[in-house]
Amino acid sequence: MSTVPADRWRGVVERTWRPAALLAACLAIWHLVTATGMVEAYLVPSPAKTFGLLADKWSYLWGHTWVTTYETILGFVIAGLLGVLVAVAMVYSRTIESTAYPILLFAQVIPKIAIAPLFVVWLGFGFEPKVVVAVLMAFFPVVISTVTGLKSVDTEMLELAATMGGGPVKTFVKIRFPAALPHLFAGLKVAVTLAVTGAVVGEFVGSNEGLGYVILQANGNMDTPMLFAGLIVISVVGVVLFLLLDLAEKLMLPWHASRRGAAVTTLLAKG
Amino acid sequence: MSVTLGTATSAVEISDVSVRFQSKRAEVTAVERVSLDVAPGEFVSIVGPSGCGKSTLLKLVSGLLKPSSGSVTLLGEPVRGPRHDIGFVFQRAALLEWRSARRNILLQAEMRGMNAAEAGRRADELIEMTGLSGFENALPHELSGGMQQRVALCRALLHQPRVLLMDEPFGALDALTREQMNVELHRVWRETGTTVLLVTHSIAESVYLANRVIVLTRRPAVVHEVIDVDLPAERDYSATMARPEFASATARIRDLLGAVTGQD
């Protein structure tokens, strides 16, 4: 890289000032709405009060954040592995595809919040039912995107592979799977945000820790500042996990990222 | 090979081959009773109206497609499934986007489990021969269409196949690049002695490159006529274009194709 640090920073500023300005505007509106008394403080706490509480109760929130993050990541990883496996099976076997698709769709359209209590009954109040709900939420987009990716490979490329005689395993490892990665990553990015929702839904239904529990408690106590603080932390968890995946994609698929143009991390990190 | 049968003198032997497939309503005959012999080291062009089944012939030879009747023999062995002793070049370069030019060429070696050092040397030779030097590490999207097709050609030649099948390889290129590629392919063919079967839409290309041009009819494709190209082996592009033999061959093919497509 020939760019000097000063240039690099100017580039970062150029790319980030718009979203930063929008965020600042939202905070300003929030502040005005609460400061002028347009909305009662017990309904919407002021940003100052919310962020003040975030700072004060940081250690309390941090513990619960870690619980939710742990459930989310575990659910996401299981959904990712399972989703890719099922997608591969579906792409290579028409029988498996036609058998599994209706069940998958059925599992997807069932409202997770409606079956979450069942998992509590079956698995108790620990982290397991939360992970299961997160898996259920995150699984579907991974399967769909991986199937699409694996099927999007050029037929000509596959014919070429047949004339090269590498066999199905080499064809999968060297051609089909790498070609599916951009689709897979798109699915994983949707999945990770859904996994956060899944974990929180699981906590709503029955738990004594995690950010879902924090929000439920705050709601019960009419503690709106804590409710807002919980919401902010959940969003931050989702955004950070999303950005990590975006970064992983950029590192693993530079050939694709360079053609796709501005993604969030390229926006922030390109120098 | 020690066993030499009567047919082993041909590199490719297509005898009485028909291809039929079931479309939504009716049975469609793509190729009807086509017979064709290609001698080792020969360059044969196949021309015909769009969608007549020219590409189907190449798929039959490579074993990617099975004939409904008749038989195909490649290098003395009947074709029963995908064959590995050929090189294939498609109209689209079909390169792996995440691999550099050189690594795309080496895919052939990896899939075949060839000796890596030897394959690397061979790849470098081909890169040199096709004028790709300096672009070894470029990704496909950084290369022009002509360059991408050169990579595809190198990949098809890496394992030194005795038969090279080309399905409209230069169809997507601009006229000037196409001429350059014609000249290069001619040189590569002369240097390697590979048997080439080329499907093309360009009459000039078919004559400039080939020893023989096979003219097919509309679907179902039958061999309409075989034109022997009476040109010297050493073919300078402009000089060849100016020769009366070139003019008469292209005029004849144009006539045939006009007659073939002009019906009803």
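Right, let's talk about the domain arrangement of chain B for a bit. Residues and elements named next belong to chain B. Here the domain parsing of chain B yields domain 1 (6-85 + 161-262) and domain 2 (96-160). Spacing between the C-alpha centres of domain 1 and domain 2 amounts to 25 Å. In this assembly, 18 residues from domain 1 lie in contact with twelve residues from domain 2. For the pairing of domain 1 and domain 2, the buried interface totals around 1,200 Å² over both sides, and the portion due to carbon and sulfur atoms is 66%. Looking at the side of domain 1 facing domain 2, the largest losses of area belong to P161, M181 and V188, adding up to 37% of the total buried there.

Okay, the interface of chain A and chain B next. Residue-level contacts link 20 residues of chain A with 23 residues of chain B. Around 2,200 Å² of area is buried between chain A and chain B when both sides are counted, 64% of it from carbon and sulfur atoms. A per-residue breakdown of the area chain A buries against chain B is headed by T163(A), M164(A) and W255(A), which together make up 31% of the total. Where chain A touches chain B, the interface holds four salt bridges. A salt bridge links E110(B) to K174(A); the nearest nitrogen and oxygen atoms lie 2.9 Å apart. Linking chain A to chain B there are six residue pairs in polar contact (both at pLDDT 80 or more).

All right, on to the pairing of strand 7 (residues 163-167) of chain B then. For a regular strand, the rule is simple: side chains alternate between the two faces of the sheet. Residues and elements named next belong to chain B. Where burial is concerned, most of strand 7 is hidden: five out of the five residues are buried. Neither face of strand 7 is exposed, since V163, L165 and D167 on one face and L164 and M166 on the opposite face are all buried. One ladder, built from four bridges, connects strand 6 (residues 86-89) with strand 7; its direction is parallel. Note that in strand 7 the partner of G87 across the bridge is L164. In this structure, strand 7 lies alongside strand 8 (residues 195-199), joined through five bridges in parallel fashion. For D167, the partnering residue across the bridge sits in strand 8 and is V199. Between the parallel pair strand 7 and strand 8, the chain is carried across by helix 5 (residues 175-192), and the sense of this crossover is right-handed.

This paragraph deals with the packing of aromatic side chains. Enumeration according to the criterion identifies eleven aromatic pairs over all chains in this entry. Seen from their ring centres, W30(A) and F51(A) are 6.2 Å apart, and the 55 degrees between their planes marks the pair as tilted. In this pair, W30(A) sits in helix 1 (residues 5-35) while F51(A) sits in helix 2 (residues 47-56), placing the two residues 21 residues apart along the sequence. The partly exposed category is assigned to F51(A), whose relative accessible area is 37%. Where W255(A) meets W98(B), the ring centres are 5.2 Å apart and the plane angle is 50 degrees; that geometry is what we call tilted. Taken together, the residues W255(A) in helix 11 (residues 254-260) and W98(B) in the loop between strand 6 and helix 2 (101-112) connect one chain to another.

With that out of the way, let us pick up the environment of Q217(A). You can see Q217(A) is positioned in helix 9 (residues 211-220). Remark: the alpha-carbon pair of Q217(A) and G165(A), spanning 52 residues in sequence, is separated by 62 Å.

Looking now at the sheet that holds strand 2 (residues 27-38) of chain B. The pairing of strands in a sheet happens through backbone hydrogen bonds and is either parallel or antiparallel. Residues and elements named next belong to chain B. Taken in spatial order, the four strands make up an open sheet running 2-1-4-5, and their pairing is antiparallel. Each having just a single partner strand, strand 2 and strand 5 (77-78) make up the two edges of the open sheet. The pairing of strand 4 (residues 69-74) with strand 5 spans two bridges and is antiparallel. If you follow L74 over to strand 5, its bridge partner there is E77. Its contacts with the sheet put helix 1 (residues 54-62) on strand 1 (12-22), strand 2 and strand 4, and the angle it makes with strand 1 is roughly 115 degrees.

In this section: the confidence of the model for chain B. For chain B, the average pLDDT comes to 86, and 95% of its residues sit at 70 or higher. Overall, residues 1-7 of chain B carries pLDDT values under 50, and its contacts beyond four positions in sequence, including any with other chains, amount to three contacts.

What follows is about the nonpolar core. One recurring pattern in soluble globular proteins: nonpolar side chains tend to sit buried together. Core analysis: the largest hydrophobic core is formed by 91 residues, its most contacted members being V12(B), I14(B) and L197(B). At 13 residues, the largest contribution of residues to this core is made by helix 8 (residues 167-205) of chain A. Inspection of this core shows a minimum of three residues originating in each of domain 1 (6-85 + 161-262) and domain 2 (96-160) of chain B. The contacts of I14(B), once residues within four sequence positions are left out, are V34(B), S35(B), L36(B), D37(B), L57(B), V61(B), S71(B) and V72(B). Judged by nonpolar contacts, the second largest core, of 51 residues, contains L95(B), A210(B), I227(B) and F246(B).

The rules behind each value
- Residues numbered from 1 in each chain as written.
- Chains lettered and ligands numbered in written order.
- Predicted model: local features only at pLDDT ≥ 70, side-chain atom pairs only at ≥ 80, totals over all residues.
- Heavy atoms only, no water.
- Domains from an automatic or database assignment.
- Contact = heavy atoms within 4.5 Å.
- Buried area = accessible area lost by both parts, 1.4 Å probe.
- Salt bridge = Lys/Arg side-chain N within 4 Å of Asp/Glu carboxyl O.
- Polar contact = N/O pair within 3.5 Å; in protein donor to acceptor, adjacent residues only side chain to side chain.
- Buried < 20%, exposed > 50% of the residue type's maximum accessible area, 1.4 Å probe, protein only.
- Helix = DSSP H or I, 4+ residues; strand = E, 2+ residues; numbered from the N terminus.
- Pairing = 2+ DSSP bridges.
- Right-handed = clockwise from strand over helix to strand, strands pointing away.
- Phe/Tyr/Trp six-rings, centres within 6.5 Å; stacked < 30°, edge-to-face > 60°.
- Axes fitted to C-alpha atoms, helices over the stretch in contact; angles between N-to-C directions.
- pLDDT = per-residue confidence, 0-100.
- Core = buried A, V, L, I, M, F, W, Y, C linked by side-chain atoms within 4.5 Å.

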